[in-house]
Amino acid sequence: MPPPADIVKVAIEWPGAFPKLMEIDQKKPLSSIIKEVCDGWSLANHDQFALQHADSSNFYITEKNRNEIKNGAILRLTTSPAQNAQQLHERIQSSSMDAKLEALKDLANYSRDVTFAQEFINLDGISLLTQMVESGTDLSAHFGDMLSFTLTAFVELMDHGIVSWDTFSVAFIKKIASYVNKFASDISILQRSLAILESMVLNSHDLYQKVAQEITIGQLIPHLQGTDQEIQTYTIAVINALFLKAPDDKRQEMANILAQKQLRSIILTHVIRAQRAINNEMAHQLYVLQVLTFNLLEDRMMTEMDPQDQAQRDIIFELRRIAFDAESEPNNSSGSIEKRKSMYTRDYKKLGFINHVNPAMDFTQTPPGMLALDNMLYFAKHHQDAYIRIVLENSSREDKHECPFGRSSIELTKMLCDILKVGELPSETCNDFHPMFFTHDRSFEEFFCICIQLLNKTWKEMRATSEDFNKVMQVVKEQIMRALTTKPSSLDQFKSKLQNLSYTEILKIRQSERMNQEDFQSRPILELKEKIQPEILELIKQQRLNRLVEGTCFRKLNSRRRQDKFWYCRLSPNHKVLHYGDLEESPQGEVPHDSLQDKLPVADIKAVVTGKDCPHMKEKGALKQNKEVLELAFSILYDSSGQLNFIAPDKHEYCVWTDGLNALLGKDMLSDLTRNDLDTLLSMEIKLRLLDLENIQIPDAPPPIPKEPSNYDFVYDCN
């Protein structure tokens, strides 16, 4: 008799018959179980049948995924994937338009299942769909719906990664590209057409060339001016894909086209400032566009200045001329060469260059290379009054107190490139876009201009000398980072945020944070911390478990990031069972337990693994082992080979779930979030307990115990 762990009790449905309750032995071959079920209903040819989940997913049960069957699951006996694929392959070629439409609906639904997809693709089903698209001249009333379901089935089949994107013809690409204009008012067709174009560009170098010839930025722009955020998201995704895959020598050309079409202004008006919330996918695409735009600066950032290049040297001359006025400069014919050199050296020193004799040498380090000089020239020309004021103000100070404009600009440019990660590829999961960078065509240069004035202001507030240069840069970086975290909506708002982050304010913030993190290190306080720490950890544990009871919506990700597929997982109130199941769309609130079909008893959990140890991160090509995705991945291992794989929506949810699961298993909660929460709550509790001792010095050690007296005659005898 098989052990209970290998037995699953299920109900199996068959049209026109009462459901059959039976026990499935997971050690028996699936084919013998299907034969047993067929025999129970007197069905011949059991090899033409299969089992399916009876929920909305309709996914086939195979030897690979059969361990996912839970006690109490409802299954359905149905035709095998091969049989179903053959029937649908024939039905979609029906001469009856109504029958054809119904077949395409079914195909779009079944194609989500990889087992069915493999069988349909084996019948050359992808070629059949592409032929239907290429010859799509049907004028029937059902044509729009038929095309929509055809494209949906195509997208679902291609998402499984079974067929290479390199196999498609130019005729197919032209047809899909034409739908972007032809069906602008049909949301479903437009959405799928854009999704196909994006996948073509991202997954095939050859197809990028062909798509770029067929679709223009001008054709895509109108779709951003509508009100459907999903269409806007897909449109920006296509633009990002074209931008990302463009050859290095074509990216600047494409950026110029985007500028001519006023893409930034359109996105600002119709997306960022539209009267609706920006969803996570749109935020991700805006972040990608932001990164790709800033990456155009990489070439200048990594270009060294050639001290022999007269055109480049002329930029330095122009900086000097604007600062010190060309009228005071003697003509080339008057004055000795030595006198002019001496004057130039003096002025270059006032401009704050490290090399006073040949300032071109200051720009030979990469990064920031020539980008620093570009920023300085932009500041001098577009904010001339501020530029002159900074240079003259510092040139009138004592040498040791002057803020060197040249050196500061070079280091600041390098810092800004580091903050904005110029030259790095966009993350697969990041949504961190900044609205203010979409408010100006030269946003990086304007960003620099604000920050160089901040640096000069902070230098004065710190009363810094040349020895304090690195300290000033650290404070300026902190000011910039703190202002950026507030996500200002415009550059002016960013400037206002910086006004409220003076050096004095930064000192207060640092002091407050030190009080929370470093103070109270005396022995009595440490002993008090040790005493109350278990209470705080128990409080954190309860919070984590309460969050698991509320549950979280997880997104299903694969090689194509954008997937409108979700699943939800939550812990039962008694902390004994995890309930989970697929969702059609992202929920607006908590999902009830009874709507989640699958269950996993906590007692069955063997281990929780993270990162590279997760089974779904070990699979071949799993998200290309993207660093950000690896940091959000965790898995629950149960039974002999069962697994439940997660990719958290963000780092906070990752910490909450890994902490909560470890707490359920009686293990320590080790996440950064727990450490921060513990520090915060401990500090708060200690401060509350020490309120009565305010302004009283707590000794580092207890007072010494006095020596015993020579006699105890002073003790009162009650007798």
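Remember, predicted model here, so these are calculated numbers, not experimental data. (Residues numbered from 1 in each chain as written. Predicted model: local features only at pLDDT ≥ 70, side-chain atom pairs only at ≥ 80, totals over all residues. Heavy atoms only, no water.)

Along the chain, the position of His53 falls in strand E3 (residues 49-53). What makes His53 buried here is its relative accessible area of 14%. Residue contacts for His53: discarding those within four places in its chain leaves Asn58, Phe59, Ile61, Ile74, Leu75 and Arg76. (Helix = DSSP H or I, 4+ residues; strand = E, 2+ residues; numbered from the N terminus. Buried < 20%, exposed > 50% of the residue type's maximum accessible area, 1.4 Å probe, protein only. Contact = heavy atoms within 4.5 Å.)

Helix length check: helix H20 (residues 405-419) (15 residues) gives 20 Å between terminal C-alpha atoms against 21 Å at 1.5 Å per residue, within 8%. Of all 15 residues in H20, 11 are buried, a share of seventy percent or more. Taken together, the buried positions of H20 are Phe405, Gly406, Ser408, Ser409, Ile410, Leu412, Thr413, Met415, Leu416, Cys417 and Ile419. Each element contacted by the buried residues of H20 is listed here: helix H15 (298-301), helix H18 (370-382), helix H19 (384-395), helix H21 (443-462) and helix H22 (469-484). Taken from the residues just after H20, Lys421 is the one with a positive phi, measuring 55 degrees. (Expected span 1.5 Å × (residues − 1).)

Note: strand E1 (residues 7-13) against strand E2 (residues 20-25), 6 bridges, orientation antiparallel. Along E2, the bridge assignment pairs Val10 with Met22. Where E1 hands over to E2, the hairpin turn is made up of 6 residues, of which Gly16 adopts a positive phi near 85 degrees. (Pairing = 2+ DSSP bridges.)

What follows deals with helix H3 (residues 97-110). Taking 1.5 Å as the rise per residue, H3 with 14 residues should run 20 Å; its terminal C-alpha atoms sit 20 Å apart, in good agreement. Among all positions in H3, only Lys100, Leu101, Ala103, Leu104, Leu107, Ala108 and Tyr110 are buried. If you follow the buried residues of H3, they end up packed against E3, helix H2 (81-91), helix H4 (114-122), helix H5 (125-134) and helix H6 (143-159).

It is worth spelling out the packing of H21 against H22 at this point. Look at H21 against H22: their axes get within 10 Å of each other, and the N-to-C directions meet at 130 degrees. Judged by the angle between their axes, H21 and H22 are oblique. Once H21 is placed against H22, the crossing between them reads as right-handed. From H21, Phe447, Cys451, Leu454, Leu455, Thr458, Trp459 and Met462 reach across to H22, where they touch Phe469, Lys471, Val472, Met473, Val475, Val476, Gln479, Ile480 and Leu484. For the contact of H21 with H22, a count of residues per class yields 13 nonpolar, 2 polar and 1 charged. (Axes fitted to C-alpha atoms, helices over the stretch in contact; angles between N-to-C directions. Parallel < 35°, antiparallel > 145°, perpendicular 65-115°, else oblique. Left-handed = near helix turned anticlockwise from the far one by under 90°. Nonpolar A, V, L, I, M, F, W, Y, C, P; charged D, E, K, R; others polar.)

Summarising burial for strand E6 (residues 566-571): 6 of the 6 residues are buried, a large majority. Of the strand pairs in this sheet, strand E5 (residues 552-555) and E6 are connected by 4 bridges, and their pairing is antiparallel. When the bridges of E6 are listed, Thr552 appears paired with Cys569. As paired elements, E6 and strand E7 (residues 577-583) share 6 bridges and run antiparallel to each other. Across the sheet, residue Arg570 finds its bridge partner in E7, namely His579.

Moving on, we come to the sheet that holds E5. The antiparallel open sheet is built from 4 strands, whose spatial order is E5-E6-E7-E8. The two strands at the open ends of the sheet, each matched to only one other strand, are E5 and strand E8 (598-601). Going from strand to strand, the sheet's axes swing by 25 degrees on average, the running direction of each strand aside.

Enumeration over the complete set of coordinates arrives at 33 aromatic pairs. Residues Tyr179 and Phe183 carry aromatic rings whose centres are separated by 5.3 Å and whose planes lie at 70 degrees to one another, so their mutual orientation is edge-to-face. A relative accessible area of 1% means that Tyr179 is categorised as buried. Its relative accessible area of 12% is what places Phe183 among the buried residues. Between Phe379 and Tyr387, the aromatic rings sit 6.0 Å apart at their centres with planes inclined by 85 degrees, giving edge-to-face as the arrangement. For the pair shown, Phe379 and Tyr387 are each scored as buried. Here the aromatic residues Phe554, Trp567, Tyr580, Phe634, Phe646, Tyr654 and Trp657 are joined through ring pairs into a cluster of three or more. In this structure, Lys20 is placed above the aromatic ring of Trp41, and the distance from its NZ or CZ to the ring centre is 4.9 Å. Its end group placed over the ring of Phe469, Arg407 keeps NZ or CZ at 3.8 Å from the ring centre. (Phe/Tyr/Trp six-rings, centres within 6.5 Å; stacked < 30°, edge-to-face > 60°. Lys NZ or Arg CZ within 6 Å of the ring centre and 35° of its normal.)

Averaged over the chain, the pLDDT score is 87; the fraction of residues at 70 or greater is 91%. This model gives residues 326-334 a pLDDT under 50, and the stretch forms 7 contacts once residues within four places in sequence are excluded. (pLDDT = per-residue confidence, 0-100.)

What follows deals with the pattern of salt bridges. Counted by the stated rule, this structure contains 25 salt bridges. The partner of Asp106 in a salt bridge is Arg91, and the shortest N-O contact between them spans 3.0 Å. Here Asp106, found in helix H3, pairs with Arg91, found in helix H2; they are 15 residues apart in sequence, far enough to count as distant. Overall, Arg91 belongs to the partly exposed group, its relative accessible area being 34%. Of the charged contacts, one joins Lys460 and Glu393 as a salt bridge, the two residues approaching to 3.2 Å between their closest N and O atoms. Here Lys460, found in helix H21, pairs with Glu393, found in helix H19; they are 67 residues apart in sequence, far enough to count as distant. Take Lys460: its relative accessible area is 40%, and that puts it in the partly exposed class. With relative accessibility at 23%, the residue Glu393 sits in the partly exposed group. (Salt bridge = Lys/Arg side-chain N within 4 Å of Asp/Glu carboxyl O.)

A contiguous nonpolar patch, built from Met684, Leu688 and Leu691 and spanning about 310 Å² of accessible area, is present on the exposed surface. In this structure, Leu688 sits in helix H29 (residues 672-689). Residue classification places Leu688 among the exposed residues on the basis of a relative accessible area of 53%. (Patch = residues over 30% accessible without salt bridge, like charges linked within 9 Å, V, L, I, M, F, W, Y side chains within 5 Å. Areas by Shrake-Rupley, 256 points an atom, 1.4 Å probe, with all protein chains shown as cover.)

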